[in-house]
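Understanding the architecture of this molecule
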Amino acid sequence: MNKERSLPQIREEKEKWEEKTLKPALERFKLKEAPTRFYTPLDVGEEFAFLDKVGFPGQYPFTAGTFPTFPYQTGERGSGSIAQAPGLVRAGRYSGYGSAEDTRDYYLHMKQLGQRAGPNIAFDLPTQCGYDSDNPLATGEVGRVGVAVDTLQDMEIIFEAFSGENDLDRTASNFTINAPANIIMAMYLALADKRGIAWEKLRASPQNDILKEFIARGTYIFPPRPSMRLFRDSLVFFTKHLPNVNITSMGGFHLREAGATREQDLAFSMAIGAAYLQEGVKAGLDVDNFAPRFSFNAFGGSMEFFKEIAFHRAARRMWAKILKEKFGAKNERSMLLRVASTAHCGRVNCTVQRPLNNLTRSIAGGIAAALAGGPPNCNPPFDEPMGLGWSLEAIQLSEDAARILQNEARLIDVMDPLAGSYYVESLTDEIENSAWSEWEKIQAMGGAVAAIENGYLQREVARSAYERQKRLEEGKDLVVGVNCYTGEGELEVQTTRLVPHPYDPERREDAERKQIERLNELKKNRDNKKVSQLLKELRNEAVKEETNLFPQLIASVKAYATVQEICDTLREAFGEYQAAAL
């Protein structure tokens, strides 16, 4: 029977099923409507065009997967939870705390335990916001949520853990920072110069995703348009001098954690990515010369298993279409949505209550990740909401879970196993279509920067966050151990701590004092006259829109100008962003 005749027949049979089979069942169970749905060929449309909608893995539109096969292993000892593969050089687990010495010693300890991957550095809030450790505003925050980096000297100390076979040209380094990203990258390049390592051999990824800071995290410094000028500087400079360094590692992870819906996560991320691409085009570069160096950190996650799988299939397809249809990319590598992980449970969904349940949540996320075309990372470790950094026990369970999914359940033996599922294909289309609708709305405003300046994106995320919290409080969304199954008979299961936490609490408490002492000593011994002259030159060049500031930044950090001294100089030129009331 051909398809034209079968679809009407399916529709007819569905109506009979609803009347003769489903309706009596609902009456028996005293239900007004079915809590479940059943999907059929009717839900994927009259013509399901496999090559246009799905295609083969590693080929446009990349719905079935970014790459044609899947060589990655995750959960391996030494990988730092980031999936590794032969021929790839990648950074490891997001980490860093206290002073530069504390983080250096942490990495040395991890190497003793077998970690081989490069640093994926977390910075403290003062550094992220462009303040030095001795600023009164930084009191109590130095070295808390990451490592304090005030000058090139701090980077030199941290990277003492990476030399020889793990030197800068033999390992990958990630820098999770945004507003001062160019300053940190200037320090990285200055460090390479001091070690005699050619820039073209460096492998690194700065997050360098400033637009999402205005919408979600809030660690912005300068207004959006000067911030985009700094992004343009990095894009142009990296494209010319750093062939193996990613320009950005963006994504909607923080947007979703702040409250964005799944569809907003996708639409806003794509609009932000398009704004970054446009900076390269405006600078006169061919999109195929720089788009392959755009990467994605992560998108947000949730416990809605199939929707997260469909989300990542839709994201790959949407990004590919944007590059091909909106920016005229010819090279398929430009169209790849390169992301270290796919689906996950979402850190915002981890609970302080009965925290071992977070392992179950992470495993559900790991299974979804594998089915969504990624490594089955079971992240985060279960003690994510319990404090800064993870215990080694929690990391062990997380890594073992990924190993079991790979080696025992063999979830990565097949690419895109849900391709052709009536439900998943329908859901993929639904999520993509909703994102395109929101995308068009943002483009009509003038793009992501304009939508930030008029407050639209911030208001939408705030509204969605309110609605999510309201659903939780009203019990419409259930979270085990939080708003359901909380009776006296429930048990609070705990694990035994076998080894000390890798972040030494005593060292973290003492980090602020040590960091300030070293900073004061450095300021006494450096050539302050030279620093003042270089900052003056930076100020003069910053007001020239066409000037790329990277040469001035590199010269400044080599003279041991501080993060705040450089940021204050740029504050004078660009102003400081003040968020409007929503």
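A brief look at the structure comes next. (Residues numbered from 1 in each chain as written. Predicted model: local features only at pLDDT ≥ 70, side-chain atom pairs only at ≥ 80, totals over all residues. Heavy atoms only, no water.)

The subject of this paragraph is the overall build of the protein. A tally of helices and strands in the protein yields 21 helices and six strands. By the compact-globule yardstick of 25 Å for 582 residues, the protein fits well, its C-alpha radius of gyration being 25 Å. Residues counted as buried form 54% of the 582 residues belonging to the protein. For the protein, long-range pairs separated by at least 24 residues make up 77% of all intrachain contacts whose partners lie at least 6 apart in sequence. (Helix = DSSP H or I, 4+ residues; strand = E, 2+ residues; numbered from the N terminus. Rg over C-alpha atoms; globule rule 2.2 N^0.38 Å. Buried < 20%, exposed > 50% of the residue type's maximum accessible area, 1.4 Å probe, protein only. Contact = heavy atoms within 4.5 Å.)

Next up on the list: the pattern of salt bridges. Tallied over the full model, the rule gives 54 salt bridges. Connected through salt bridges with shared partners, the residues D102, R104, D105, E160, R507 and K514 form a single ionic network. (Salt bridge = Lys/Arg side-chain N within 4 Å of Asp/Glu carboxyl O.)

Let us look at the pairing of strand 3 (residues 172–176). Burial analysis of strand 3 places four of its five residues in the buried class, the great majority of the element. As paired strands, strand 3 and strand 4 (residues 203–206) are joined by four bridges and run parallel to one another. Looking at strand 4, one finds that A172 is bridged to R203. Taken together, strand 3, helix 6 (residues 181–195) and strand 4 form a β-α-β motif whose crossover is right-handed. (Pairing = 2+ DSSP bridges. Right-handed = clockwise from strand over helix to strand, strands pointing away.)

Take the side chain of Q264 next. Within the secondary structure, Q264 sits in helix 10 (residues 262–282). We classify Q264 as buried; its relative accessible area is 6%.

With that settled, the discussion passes to the nonpolar core. Generally speaking, soluble globular proteins have nonpolar side chains that are buried together. Ranked by size, the top nonpolar core spans 117 residues in total, and within it F175, L211, M270 and F294 carry the most contacts. In terms of residue count, helix 6 provides more of this core than any other element does, 11 residues in total. Judged by nonpolar contacts, the second largest core, of seven residues, contains I309, A343, A372 and L418. (Core = buried A, V, L, I, M, F, W, Y, C linked by side-chain atoms within 4.5 Å.)

The next thing to look at is the packing of aromatic side chains. One pass over the full model with this rule turns up 28 aromatic pairs. Considering the side-chain rings of F237 and F550, the 4.7 Å spacing of their centres and the 10° angle between planes classify their relative orientation as stacked. Linking F237 in helix 8 (residues 224–241) with F550 in helix 20 (residues 550–558), this pair joins segments that are 313 residues apart in sequence. Classification of F237 as buried rests on a relative accessible area of 8%. Of the residues examined, F550 reaches a relative accessible area of 0% and is grouped as buried. Between F290 and F294, the ring centres sit 5.9 Å apart and the planes meet at 45°, which makes this aromatic pair tilted. With respect to burial, F290 and F294 carry one shared label: buried. A cation over an aromatic ring shows up here: R256 above the ring of F311, its NZ or CZ 5.1 Å from the ring centre. (Phe/Tyr/Trp six-rings, centres within 6.5 Å; stacked < 30°, edge-to-face > 60°. Lys NZ or Arg CZ within 6 Å of the ring centre and 35° of its normal.)

On to helix 15 (residues 422–444), then. End to end, helix 15 covers 33 Å across 23 residues, agreeing with the expected 33 Å (1.5 Å per residue, within 8%). Note on helix 15: the residue one or two positions beyond its end, G446, has a positive phi of about 115°. (Expected span 1.5 Å × (residues − 1).)

With respect to the helices and strands, A555 occurs in helix 20. The class for A555 is partly exposed, based on a relative accessible area of 29%. Placed 368 residues apart in sequence, A555 and M187 show a C-alpha to C-alpha distance of 9.5 Å.

Right, let's talk about the environment of Y188 for a bit. Within the secondary structure layout, Y188 lies in helix 6. By relative accessible area, which is 0% here, Y188 ends up buried. Remark: the alpha-carbon pair of Y188 and L202, spanning 14 residues in sequence, is separated by 9.4 Å. Excluding its chain neighbours within four sequence positions, the residues that come into contact with Y188 are M155, L168, S173, F175, L202, R203 and A204.

Quick look at helix 20 now. Buried residues of helix 20: F550, Q552, L553, I554, S556 and V557, and no others. In the core, the buried residues of helix 20 are packed alongside helix 5 (152–158), helix 6, helix 8, helix 19 (528–542) and helix 21 (563–574). Positive backbone phi, at 70°, marks Y560, one or two positions downstream of helix 20.

Time to look at the sheet that holds strand 1 (residues 91–95). Ordered in space as 1-2-3-4, the four strands form an open sheet in which the pairing is parallel. The open sheet terminates on both sides in strands that have one partner only, identified here as strand 1 and strand 4. Neighbour-to-neighbour, the strand axes of this sheet turn through a mean angle of 15°, independent of strand direction. Pairing geometry for strand 2 (residues 118–122) and strand 3, over three bridges, is parallel. If you follow A122 over to strand 3, its bridge partner there is T176. (Axes fitted to C-alpha atoms, helices over the stretch in contact; angles between N-to-C directions.)

Here we come to unusual backbone geometry. Most of the time, phi is negative for any residue but glycine, and the peptide bond is trans. Y60 connects to P61 through a cis peptide bond whose omega is 10°. Residue position: P61 is located in the loop between helix 2 (50–53) and strand 1. Cis rather than trans, the peptide bond between N379 and P380 has omega equal to 0°. Turning to its location among the elements, P380 is positioned in the loop between helix 13 (357–371) and helix 14 (392–407). At R410, a residue that is not glycine, the phi angle is positive and equals roughly 55°. In this structure, R410 sits in the loop between helix 14 and helix 15. The backbone of Y485 sits at a positive phi, close to 55°, despite the residue not being glycine. Overall, Y485 belongs to the exposed group, its relative accessible area being 55%.

Nothing here speaks to function; it is geometry throughout.
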